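# Structural description and commentary
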Amino acid sequence: MSSSLKIGIAGGGVGGLAAAIALRQQGHDVTVFEQARGFSRVGADINLTPNVVRAIDGLGAGAAIRERGARPTFRISRDWDTGQETSRLGMGNIAEEQYGAPQVTIHRADIINALAENFPLENIQFEKRLKSLTQSDAGVSLRFEDGSEATFDVVVGADGIHSRVRSALFGEEKPRFTGVVSFRSVVPTERVKHVPEIEAFTKWWGPNPQSQIVTFPLNQGRETFVFATTGQDSWHEESWTSEGDVNELRGFYKDFHADARALLEACDSTLKSALYEREPLPQWSVGTVTLLGDACHPMLPFMAQGAGMAIEDAVVLGRALAGVSSRAQAVDALRRYEKTRQERTAKIQIGSRGNQWMKGPGNADWVYGYDAWKVALAEA
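Our subject in this report is the structure included herewith. (Residues numbered from 1 in each chain as written. Predicted model: local features only at pLDDT ≥ 70, side-chain atom pairs only at ≥ 80, totals over all residues. Heavy atoms only, no water.)

### Topic: the pattern of salt bridges
Here is the rule: By convention in these notes, a salt bridge is any Lys or Arg side-chain nitrogen within 4 Å of a carboxyl oxygen on Asp or Glu. By the criteria applied, helices consist of DSSP H or I runs no shorter than four residues and strands consist of E runs no shorter than two, each listed in order from the N terminus. The buried label goes to any residue with under 20% of its type's maximum accessible area, the exposed label to any with over 50%, and the partly exposed label to all in between, with areas taken from a 1.4 Å probe on protein chains only.
Considering all chains together, one arrives at 26 salt bridges under this definition. Of the charged contacts in the structure, one is a salt bridge between arginine 37 and glutamate 127, with a shortest N-O distance of 3.8 Å. Of this pair, arginine 37 sits in the loop between β2 (29-33) and β3 (45-48) while glutamate 127 sits in the loop between β7 (124-125) and β8 (130-136); the two residues are 90 residues apart in sequence, bridging distant segments of the chain. We classify arginine 37 as exposed; its relative accessible area is 74%. Glutamate 127 gets classed as partly exposed once you look at its relative accessible area, which sits at 48%. One salt bridge connects lysine 272 with glutamate 248, and the closest N-O pair in it is separated by 3.1 Å.

Here is the structure:
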């Protein structure tokens, strides 16, 4: 009997690559299937809080993300109209001392590249879009739209918010539109260096939970990311690549504090997306197929934990499958993984929906202090 499992991962994004590394660290034979033609510079800019950076450290990519990203000095909350500060958390050296890792803000592509450097490229198959999935005594068979097939002991669905693995396991899901849209822009920091503490992660809390502006440094501080949300029922497109109108963006926040407006005045272009919400899934696994990240707990962005939860999932999944050498053992291991992660991801998923996280002084330890490498695994 082989001492390792043959594992297929659907999705080569942040969560999929993190899982691939974590599972390979345990000696498993891992293949990643990604529908894109290759890794490219697409997607959002991402906030990696200390709990996530600590998880990435164990995957071998910590030094690379520190080098390529930026390290905000503080996490600051401000009122939308007065600019008054309502909370402040140390996120640079202070977080390193308190949590063992700093906050790092970085482009998604830079995380992908950092992770990919720790996994063999020959084990990643591009242009592989999943068509169907079936389980039998012989294993889990994946069929792709190009007509190819592959069979594995275990399959991980890390294929995002519109997961085909999830649909194969549990049927089609219908998300609810929140009535909120988001805008994303990146500007050279030179243009906004007069804004106070531009080197910090700052959230401007609007007059209602739907309205906010978040800003943080990127690319070692050379660029500044601007993320804004507002209520708008007339836009329903859930895409991270749809062009928006910067004049419309500025119009939504015309009554905000001058420092917040200055951020938007510096934007030459913006991307616009509708935000949808989903309920926490009561079950992630069937047989030897399981889900990870956005495939099972997609989150609104208000706690900045979406990518982080996928990376934590990956670490715990790898630990749960440590020493597992048969499909029968894998069934119990996947239950342990699911039970270990469900309460935390559901709490953060629901907390993100409420959008009250750290609006005022509070304890962030339950989020930032979590260590995916050390958390006790649940019983099967």
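Having seen the model, we can carry on.
### Brief notes about the nonpolar core
What counts here: Among the buried residues, those of types Ala, Val, Leu, Ile, Met, Phe, Trp, Tyr and Cys that are joined through side-chain atoms within 4.5 Å form a nonpolar core.
Judged by nonpolar contacts, the single largest core of 69 residues is most densely connected at Ile9, Leu48 and Leu321. In terms of residue count, helix α1 (residues 14-25) provides more of this core than any other element does, eight residues in total. Counting residues in each nonpolar core, the second largest holds 20 residues, with Trp204, Phe256, Ala262 and Cys267 among its members.

### Some details on the environment of valine 375
Put simply, the rule reads: Note on contacts: a residue pair qualifies if any of its non-hydrogen atoms lie within 4.5 Å across the two residues.
By secondary structure assignment, the location of valine 375 is in the segment after α11 (365-368). C-alpha of valine 375 to C-alpha of valine 316: the two residues are 59 residues apart in sequence and 8.2 Å apart in space. When near neighbours in sequence (up to four residues on either side) are disregarded, valine 375 contacts Val316, Arg319, Thr340 and Tyr370.

### Things to note about the packing of α1 against helix α9 (residues 306-320)
Packed helix pairs are characterised by how far apart their axes lie and by the angle those axes make with each other. For clarity, the threshold we go by: Lines fitted to the C-alpha atoms define the axes, with helices restricted to the stretch that makes contact. Angles between their N-to-C directions range from 0 to 180 degrees. Should an angle fall under 35 degrees it is called roughly parallel, over 145 degrees roughly antiparallel, and 65 to 115 degrees roughly perpendicular, with every other angle called oblique. We call a crossing left-handed when the near helix sits turned anticlockwise from the far one by less than a right angle, and right-handed when that turn is clockwise.
Interaxial distance between α1 and α9 falls to 8 Å at its minimum, and their mutual angle equals 20 degrees. Overall, the two elements α1 and α9 adopt an arrangement that is roughly parallel. α1 and α9 meet at a crossing whose hand is right-handed. The residues of α9 that touch α1, namely those facing Val14, Gly15, Ala18, Ala19, Ala22 and Leu23, are Ala310, Ile311, Ala314, Val315, Leu317 and Gly318.

### Quick look at the sheet that holds strand β10 (residues 149-152)
Filter applied, for reference: The criterion for strand pairing is that DSSP finds at least two bridges linking the strands in question.
Strand order in the open sheet made by the three strands is β8-β9-β10, with antiparallel pairing throughout. Both edges of this open sheet fall to β8 and β10, since each of them pairs with a single strand only. In this sheet, adjacent strand axes meet at a mean angle of 20 degrees when their direction is disregarded. Pairing geometry for strand β9 (residues 139-144) and β10, over four bridges, is antiparallel. In the strand pairing of β10, valine 140 is matched with phenylalanine 152.

### Quick look at the sheet that holds strand β1 (residues 6-10)
With respect to topology, five strands assemble into an open sheet ordered β7-β2-β1-β11-β17, the strand pairing being parallel. In the strand order of this sheet, the two ends are held by β7 and β17 (289-291), each with one partner. Examined bridge by bridge, β2 and β7 share two bridges and lie parallel to one another. Bridged to valine 32 within β7 is isoleucine 124.

### Let's talk about the packing of helix α2 (residues 50-58) against α9
Short version of the rule: Basically, the charged four are Asp, Glu, Lys and Arg, the nonpolar ten are Ala, Val, Leu, Ile, Met, Phe, Trp, Tyr, Cys and Pro, and anything else, Gly included, counts as polar.
Direction vectors running N to C along α2 and α9 enclose 40 degrees, while the axes themselves pass 9 Å from each other. The angle between the axes of α2 and α9 places the two elements in the oblique class. Like other packed secondary-structure pairs, α2 and α9 cross with a definite hand, here left-handed. Taking contact as the criterion, the partners of Asn51, Val52, Ala55 and Ile56 in α2 are, on α9, Gly308, Met309, Ile311, Glu312 and Val315. When grouped by side-chain class, the residues that make up the contact of α2 with α9 number six nonpolar, two polar and one charged.

### Focus on the pairing of β1
For the record, the criterion: Handedness rule for crossovers: strands pointing away from the viewer, path from the first strand over the helix to the second running clockwise, crossover right-handed.
Within β1, four of the five residues are buried, leaving the element largely enclosed by the surrounding structure. Across five bridges, the pairing between β1 and β2 is parallel. Bridging across to β2, isoleucine 7 finds its partner in valine 30. Of the crossover connections in this fold, the one passing from β1 over α1 to the parallel β2 is right-handed.

### As for unusual backbone geometry
Glycine aside, negative phi is the norm for most residues, and most peptide bonds take the trans geometry. For glutamate 127, which is not glycine, the phi dihedral falls at a positive 55 degrees. Within the chain, glutamine 220 stands out as a residue other than glycine whose phi angle is a positive 60 degrees. By secondary structure assignment, the location of glutamine 220 is in the loop between β14 (212-218) and β15 (223-231). Relative accessible area serves as the criterion here: at 46%, glutamine 220 is assigned to the partly exposed category.

### Notes on α1
Selection rule: In a helix, the anticipated span is given by 1.5 Å times the number of residues less one.
With 12 residues, α1 should cover 16 Å at 1.5 Å per step; its first-to-last C-alpha distance of 17 Å lies within 8% of that length. Within α1, 10 of the 12 residues are buried, leaving the element largely enclosed by the surrounding structure. Where α1 is concerned, the buried positions are Val14, Gly15, Gly16, Leu17, Ala18, Ala19, Ala20, Ile21, Ala22 and Leu23. Looking at the buried positions of α1, the neighbouring elements they touch are β1, β2, α5 (108-116), β7, β11 (154-157) and α9. After α1 finishes, the residue glycine 27 shows a positive phi value of roughly 90 degrees.

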